[in-house]
Structure formats: C-alpha cells, structure tokens
Amino acid sequence: MTEPDKSFQQQLEADLAKLGQAERFHVDADQIIGRLRRRRAVRVTAGAAAAVLVFITAWGAWTFMGAQGGNRPQDLAVKPSPDRLGPQHPLPHPAIAKELAALPLSAEKAEILDGLKKVFNNRQTSTLRITKTTP
Amino acid sequence: MIATTPMPKAQTQLGQGLADEVTDDGILSGLRRLDRHALEQLAFRHGRDLAMAAHAYLGNAHDAEDIAQETLMSAWDGARRASPGTKLRPWLFGILFNRCRKHRRSMWRRLLREKKFAQGRTASAGDEPETQERLEKLRCSLAMLDGVCREVIILRFQQCMTVADAAHVLNIPEGTVKSRTHAALGKLKTLMEQQHDRTR
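Residues numbered from 1 in each chain as written. Chains lettered and ligands numbered in written order. Predicted model: local features only at pLDDT ≥ 70, side-chain atom pairs only at ≥ 80, totals over all residues.

Caption draft 1: Structural view of the overall build of chain A. A tally of regular secondary structure across chain A gives six helices and zero strands. In sequence order, chain A lays out its α and β elements as α-α-α-α-α-α. Considering chain A as a whole, with its 135 residues, one finds that 13% of them fall into the buried category. Looking at chain A alone, contacts between residues at least 24 apart form 43% of all its contacts between residues at least 6 apart. (Helix = DSSP H or I, 4+ residues; strand = E, 2+ residues; numbered from the N terminus. Buried ≥ 20, exposed ≤ 12 C-beta atoms within 10 Å, placed from the backbone. Contact = placed C-beta atoms within 7 Å.)

Caption draft 2: Representation of the overall build of chain B in the model. Helix and strand content of chain B: 10 helices and zero strands. For chain B, the succession of helices and strands along the chain, N to C, is α-α-α-α-α-α-α-α-α-α. Out of the 200 residues belonging to chain B, those deemed buried represent 40%. Of the contacts formed within chain B by residues at least 6 apart in sequence, a portion of 65% connects residues at least 24 apart.

Caption draft 3: Examining helix 9 (residues 163-170) of chain B more closely. Buried within helix 9 of chain B are the following residues: B:A166, B:A167, B:H168 and B:V169. Positive phi appears at B:N171, one or two residues downstream of helix 9 of chain B, with a value of about 60°.

Caption draft 4: Geometry of the interface of chain B and chain A. The interface is formed by 37 residues belonging to chain B together with 27 residues belonging to chain A. Put simply, the parts of the chain that give the side of chain B that touches chain A at least two residues each are helix 3 (36-58), helix 4 (61-78), helix 7 (129-144), helix 8 (147-158) and helix 10 (174-199) of chain B. The element contributing the most residues to the side of chain B that touches chain A is helix 3 of chain B, with 11 residues. Of the residues assigned to the side of chain B that touches chain A, the class counts are 20 nonpolar, nine polar and eight charged. (Nonpolar A, V, L, I, M, F, W, Y, C, P; charged D, E, K, R; others polar.)

Caption draft 5: Representation of the environment of B:E65 within the structure. Counting through the fold element by element, B:E65 comes out in helix 4. Remark: the alpha-carbon pair of B:E65 and B:G47, spanning 18 residues in sequence, is separated by 8.9 Å. Excluding its chain neighbours within four sequence positions, the residues that come into contact with B:E65 are A:F25, A:H26, A:V27 and B:A51.

Caption draft 6: The confidence of the model for chain A, seen in detail. Residue-level pLDDT values for chain A average 74, and 64% of them are 70 or greater. Mean pLDDT per element in chain A: helix 6 (residues 122-133) of chain A is the minimum at 51, and helix 2 (residues 29-67) of chain A is the maximum at 91. (pLDDT = per-residue confidence, 0-100.)

Caption draft 7: Representation of helix 1 (residues 6-19) of chain A. For helix 1 of chain A, with 14 residues, the first-to-last C-alpha span of 20 Å sits near the 20 Å given by 1.5 Å per residue. Among all positions of helix 1 of chain A, only A:L12, A:D15, A:L16, A:A17, A:K18 and A:L19 are buried. On its buried face, helix 1 of chain A is in contact with helix 3, helix 7 and helix 8 of chain B. (Expected span 1.5 Å × (residues − 1).)

Caption draft 8: How the structure looks around unusual backbone geometry. All names here are of chain B. Phi angles above zero are rare outside glycine, and L34 is one such case at about 60°. Within the fold, L34 resides in the loop between helix 2 (24-32) and helix 3. Residue classification places L34 among the exposed positions, given that 12 C-beta atoms sit within 10 Å. Although it is not a glycine, C160 sits at a positive phi angle of roughly 50°. What makes C160 partly exposed here is the crowd of 13 C-beta atoms within 10 Å.

Caption draft 9: Geometry of the packing of helix 4 of chain B against helix 5 (residues 88-105) of chain B. Residue and element names in this part refer to chain B. For the pair helix 4 and helix 5, the least separation of the axes is 9 Å and the interaxial angle reads 130°. Taken as axis vectors, helix 4 and helix 5 run oblique relative to one another. In this structure, the crossing between helix 4 and helix 5 has a hand that is right-handed. From helix 4, D63, I67, E70, T71, S74 and A75 reach across to helix 5, where they touch L92, I95, L96, R99, C100 and H103. (Axes fitted to C-alpha atoms, helices over the stretch in contact; angles between N-to-C directions. Parallel < 35°, antiparallel > 145°, perpendicular 65-115°, else oblique. Left-handed = near helix turned anticlockwise from the far one by under 90°.)

Caption draft 10: The nonpolar core, seen in detail. Residues and elements named next belong to chain B. Core analysis: the biggest nonpolar cluster contains 55 residues, and L31, A53, A54, A68 and L96 have the highest contact counts within it. For this core, the leading source of residues is helix 3, giving 13 residues. Filtering out sequence-adjacent residues up to four positions away, L31 remains in contact with A38, L39, L42, A75, W76 and A79. (Core = buried A, V, L, I, M, F, W, Y, C linked by C-beta atoms within 7 Å.)

Caption draft 11: View of the environment of B:D35. Residues and elements named next belong to chain B. Tracing the sequence through the fold places D35 in the loop between helix 2 and helix 3. The exposure class of D35 is partly exposed, given the 16 C-beta atoms found within 10 Å. The sequence separation of D35 and W76 amounts to 41 residues, and the corresponding C-alpha distance is 9.2 Å.

Below you can see the structure in the form of structure tokens.
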C-alpha cells in the first residue's frame, strides 16, 4: 500500500467538497414538516386499519365459535334449566311457551309441539319435551 | 468544509439571521420542545452538509437528499432521547451514517443504485475537463471503497471533523479513527491510481 501524502489529502479535501456541488439538494424545514405530517397520516391510517382488522378477526372468531356450539362465555354461563323454559332460550318465546304450558295436553297442543319440533334443532327439542310433560 | 456551496440570496440572508441567533445546543433544546424554528435552523445549518456527505457515501443525489431529510426527521423525533451533553453535529452524522448503511443493505435498492450510479453527475458544467475526470475517478473509487473506509474519509476530509468528533460519530476509539483514516487514504489512493491506469 502506498503512503498517502499531504498533497493527496489536500487534493482529496478540495475534490470531496466539489463532489456534490453540482447537485441541488432540497433539504429544508418545510419539506421535513411535510414528510412528518405525511408519515403521521400514514401511521394513523395504518393504526385504524389494524384496529378494524383485529375487530373483524375477533368478531369472526366469536361467530365461528358460536356456530360450532363452542365455548362462548354466554354459552358457558347459560345452563339449560331442566324444568322450565328460561329467558335465555330464544325460541319458543317465553310468552308462547307459557301459553303452551298452560294448555292441557291435547291433540292440538301435541300437534303444535310436533310442528315446533320440526322447526327447532335438537337443543330446543329437549326443552320442548320437558314442556310437553309439564301439566 | 473547505469549499462552501453558493447559496441563493434569500437563503443567505435568512441563514445569516438564523445562524447568528442560536447555538447548536439551543437548536437541540428547541428540537426537544418540538419548536419548528429550531428545525428550520437545523435544516439550514446542517441540511446541505448532510446531503453532501450522503451523496459522497451513496453516489446518488436523489437518495442523498432523501437520506438527509430522513436524518433531520429522526433528529426531530429523537431529540428528546438525546442526552444533555450531546454534540449536535456528530450526533446528526451518526444518524446519517446509520441511515446510509441501512439504505445500502437493501438488495433491491442495490440494483437500482447501480443503475443510477451510471447516471450520476460529479461536476458542474463549468468545471474543467481535467477536474471532471478527477472527480469521476474519485466518485468511482469511493464507490469501490468499503463502507468503513468511506465513512472515515467523508468525516475527516469532506466534513473536516476532528478525530474526536469522528470517533464520536462512528462510536469507536480515537486511535481506531486514526488507523482507519490511514488505511482508507492508502486504499483510496491505490484505487484512484488504478482508475487512472484504466483510462490511459
């Protein structure tokens, strides 16, 4: 390796100073402020989009778990009552259920219950069976 | 810097007003308060030097401008985290070189840079052909030099920093700066001589 001398260093300093001289660099406060504002806007938008995405994912997971008959907190909290139609059961409506329960066990009542059986799934069927046995 | 860049008249007048007002410590404390005036002073005082250094490092004016702006943005964001005794200029150049290194690491940018490098401009139209040729050689030699050597060359010979300040920027001992400078000068000289032989 050659020994760098003083004249080389001086020439280098002069040349390095000239190197970017032909360029017009736009580095001023207005541009920095503009870029900072744009960056903030991008961050806010990205944050909002991420929040929406998280919300949609959570809602989707919640709904999926419900469709699977899974362990949603409300499913865990609700214990199907064996002897009455509780308010937690969406169908049949408590008022209808009350009326049904009040009816004497007749052919008409049996027909209604059979119709409901066809409509409801197994979960409701068990409830209806209990209702049928209620005097 | 040895050769100062001519500035527009309006900017010069503004700059004299700004430059006389606040010291570097004042600018730093202004940045901590998120004072826009401090940012204006910072951009005026150091913006062009940062861009020139980035240009020497990256070999491309557009990227250099971008990196210089990003450096000032980082300074605006990070001023509150800077310790009270921080020297503004070495701190800024530390940020600048971190940004430049990050920029160079990117693969796709490397391909783009090589393309841009061929289109790069070194000298103004007014320069003599001999000067233009010398600057072109310097630009090519700098591009071939490894990053560590290039950093020390820029700090010591373009920005005319002291050994202590360069050590602060690069976060290395002063002795290492001296040895790196010596090695970098030797490598640069060899590369420039090789360029010279190639052109003959």
